[in-house]
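# Overview (structure and organization)
One letter stands for each residue in the lines below.
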Amino acid sequence: SACLWFFISRLEDFPSNSWVKQVDIDGQPLDLQPVSVQYLICIYNAVSMMITLGLYQGIYPETQLEILFTIGIMIVSATFYAILIASLSSLMVNMDPSGSEYKQSLDDMNNYMAYRKIPRSLRRRVNDYYDTKFSRKKVFDENAILSRLSLPLRKEVLRHVVQDLMRKVPFFQQQVFITVKGARGLTAADLSGTSDPYAVVKFGEASQHTKVIEKTLNPEWDASFTFDLSILNGERINISVFDKDNFSQDDFLGQVEIPLENVPTSKVLDSWFTLCPRPNGTEEVSGQIHIQTNRWQADNGFVSSIITELIPDPAGKGDYIFLAGEMAEDLYFIAHGNLEIISTTGSVVTNLTDGSYIGGELPYQWT
């Protein structure tokens with residue numbers, strides 16, 4: 001269109017009232033300017049007309065041919081401008097469809113509450129619910145999305161989604177429990193004929209230790225430790241005993257290793273283990289250590305059957321999930337927050353926190 005602006009006036013041999021003659025640059029009309037200047041002014045006019053700013057230097061079409069051409073260009077420009085704006089708007093919406101759906105859903109809810117004259121206090125609770133459920137301002141139909149996956153992939157994705165909850169709920173976890181009760185007949189590492197023993201329990205990359213018991217060869221620690229098998233890799237539990245020295249390296253008093261496969265799941269392994277030297281070690285060790293250990297290994301089939309049925313259901317502060325007489329037929333897990341178990345008299349019986357679960361005929365409140 002930029003070239004056509006100039007061509008229209010040229011068809012009429014640049015009459016004195018044409019827009020080309022009206023353009024004054026350093027005292028010379030546009031037809032006497034270099035081609036680069038002519039093209040620049042024509043481009044400016046084309047863009048200005050498209051965004052309705054008008055022609056260069058406020059000039060107007062004067063001849064009938066210029067007026068007809070200007071009308072045509074304005075119609076075409078307005079059409080393309082509208083198409084451009086619509087395309088950009090559609091592009092912005094498509095860049096974040098879930099965010100747009102969230103805004104539309106929230107607008108619909110607010111309009112509905114206004115139409116039904118819902119009390120302001122209840123409106124605030126509804127908006128708080130939206131803020132809680134859609135904390136990232138996104139709306140997804142997770143069931144529809146996950147239904148497109150194969151069952152093994154869906155289970156793997158869901159395990160990742162609910163991994164924080166699985167770490168909090170006891171029967172979802174895979175853990176090994178170790179209690180170091182005590183030791184007897186340890187080697188005397190100090191000149192006094194005693195030791196200041198403590199034990200270090202290691203599994204994978206993690207380690208924990210008992211307190212130091214001073215001046216004894218028969219310490220009683222009674223210290224319990226837990227290791228999460230779902231995040232730690234290891235094949236055996238190592239318990240090492242040391243003598244605490246304040247001014248030199250602690251003395252090694254012996255160790256015992258228990259293969260993880262030997263740790264039972266149905267009962268507690270309670271036994272005295274003879275302390276052994278380190279591989280290729282030269283230390284003389286003696287004595288025994290008293291260990292109690294067992295592990296909880298959640299059944300994968302059971303876990304998979306549970307996580308595929310989990311449905312996020314956030315509640316706001318002060319919401320009553322169940323009232324007296326209502327049946328809680330489903331099993332509920334608390335991912336975040338605090339639930340109050342309330343008696344029929346209104347008194348708080350107990351509080352449930354992250355990782356707790358509940359089901360059955362019980363009224364409770366999310367706070």
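Now for a look at the structure at hand. Note that this is a predicted model, so its numbers are computed, not measured.

### Examining the pattern of salt bridges
Taken as a whole and assessed by the stated rule, the structure comprises three salt bridges. The closest approach of N and O atoms between Arg-278 and Glu-283, which form a salt bridge, is 2.6 Å. Given a relative accessible area of 35%, Arg-278 falls into the partly exposed group.

### Some words on the pairing of strand 10 (residues 288–297)
For a regular strand, side-chain orientation follows a simple rule: the groups alternate between the two sheet faces. In terms of strand pairing, strand 3 (residues 174–184) meets strand 10 through ten bridges, oriented antiparallel. When the bridges of strand 10 are listed, Thr-179 appears paired with Gln-292. Pairing of strand 9 (residues 269–274) with strand 10, which is carried by six bridges, proceeds in the antiparallel orientation. The partner of Thr-274 across the bridge, within strand 10, is Gln-288.

### A few points about the sheet that holds strand 4 (residues 197–203)
Across the sheet, which stays open at both edges, the four strands sit in the order 5-4-7-8 with antiparallel pairing between neighbours. Each edge of the open sheet is held by one strand with a lone partner, namely strand 5 (206–209) and strand 8 (251–259). Within this sheet the neighbouring strands show an average axis-to-axis angle of 20°, counted without direction. As judged from the eight bridges shared by strand 7 (residues 236–243) and strand 8, these two strands associate in the antiparallel manner. Bridged to Asp-243 within strand 8 is Asp-251.

### So, the side chain of Gln-33
Mapping Gln-33 onto the fold places it in the loop between strand 2 (28–29) and helix 3 (35–50). Of note is the side chain of Gln-33, whose polar atom sits 3.4 Å from the backbone oxygen of Gln-28. Residues within four places of Gln-33 in sequence aside, it is in contact with Ile-25, Gln-28 and Gln-38.

### Section: the environment of Pro-152
Considering the arrangement of structural elements, one finds Pro-152 in helix 8 (residues 151–161). Here the alpha-carbon distance between Pro-152 and Ser-304, two residues 152 residues apart in the chain, equals 9.7 Å.

### A few points about the pairing of strand 7
Among the eight residues of strand 7, seven are classified as buried, and the element is accordingly described as predominantly covered. As judged from the six bridges shared by strand 4 and strand 7, these two strands associate in the antiparallel manner. Residue pairing in the sheet places Ala-199 in a bridge with Val-241 of strand 7.

### Quick word on the nonpolar core
Counting residues in hydrophobic clusters, the biggest one holds 27 residues, and the most contacted among them are Val-180, Trp-221, Ile-237, Ile-239 and Ile-289. The set of elements that each furnish at least two residues to this core consists of strand 3, strand 4, strand 6 (220–228), strand 7, strand 8 and strand 10. Ignoring anything within four residues of it in the chain, the contact list for Ile-289 reads Val-180, Gly-182, Ala-183, Trp-221, Ile-239, Val-241, Val-256, Ser-271, Trp-272, Phe-273 and Leu-275. Counting twelve residues, the second largest nonpolar core, distinct from the first, contains Val-162, Leu-165, Ile-307 and Phe-333.

### Points about the sheet that holds strand 3
Judged by pairing direction, the sheet is antiparallel, and its four strands sit side by side in the order 6-3-10-9 without closing on themselves. Taken across any chain shown, the strands that pair with only one partner, and hence form the sheet edges, are strand 6 and strand 9. Put simply, the sheet's adjacent strands are angled 20° from each other on average, direction ignored.

### A short note on helix 5 (residues 97–115)
Taking 1.5 Å as the rise per residue, helix 5 with 19 residues should run 27 Å; its terminal C-alpha atoms sit 27 Å apart, in good agreement. Those residues of helix 5 not exposed but buried are Ser-98, Gly-99, Tyr-102, Leu-106 and Met-113. Each buried residue of helix 5 sits inside an arc of 105° when the element is viewed along its axis, so together they form one side. Seen from the open side of helix 5, the exposed residues pointing more than 90 degrees away from its buried face are Asn-111 and Tyr-115. Here the buried face of helix 5 lies against helix 6 (120–133).

Quick notes on the rules
- Residues numbered from 1 in each chain as written.
- Predicted model: local features only at pLDDT ≥ 70, side-chain atom pairs only at ≥ 80, totals over all residues.
- Heavy atoms only, no water.
- Salt bridge = Lys/Arg side-chain N within 4 Å of Asp/Glu carboxyl O.
- Buried < 20%, exposed > 50% of the residue type's maximum accessible area, 1.4 Å probe, protein only.
- Pairing = 2+ DSSP bridges.
- Helix = DSSP H or I, 4+ residues; strand = E, 2+ residues; numbered from the N terminus.
- Axes fitted to C-alpha atoms, helices over the stretch in contact; angles between N-to-C directions.
- Polar contact = N/O pair within 3.5 Å; in protein donor to acceptor, adjacent residues only side chain to side chain.
- Contact = heavy atoms within 4.5 Å.
- Core = buried A, V, L, I, M, F, W, Y, C linked by side-chain atoms within 4.5 Å.
- Expected span 1.5 Å × (residues − 1).
- Arc of directions from axis to C-beta.

Taken by themselves, the reported measurements are silent on function.
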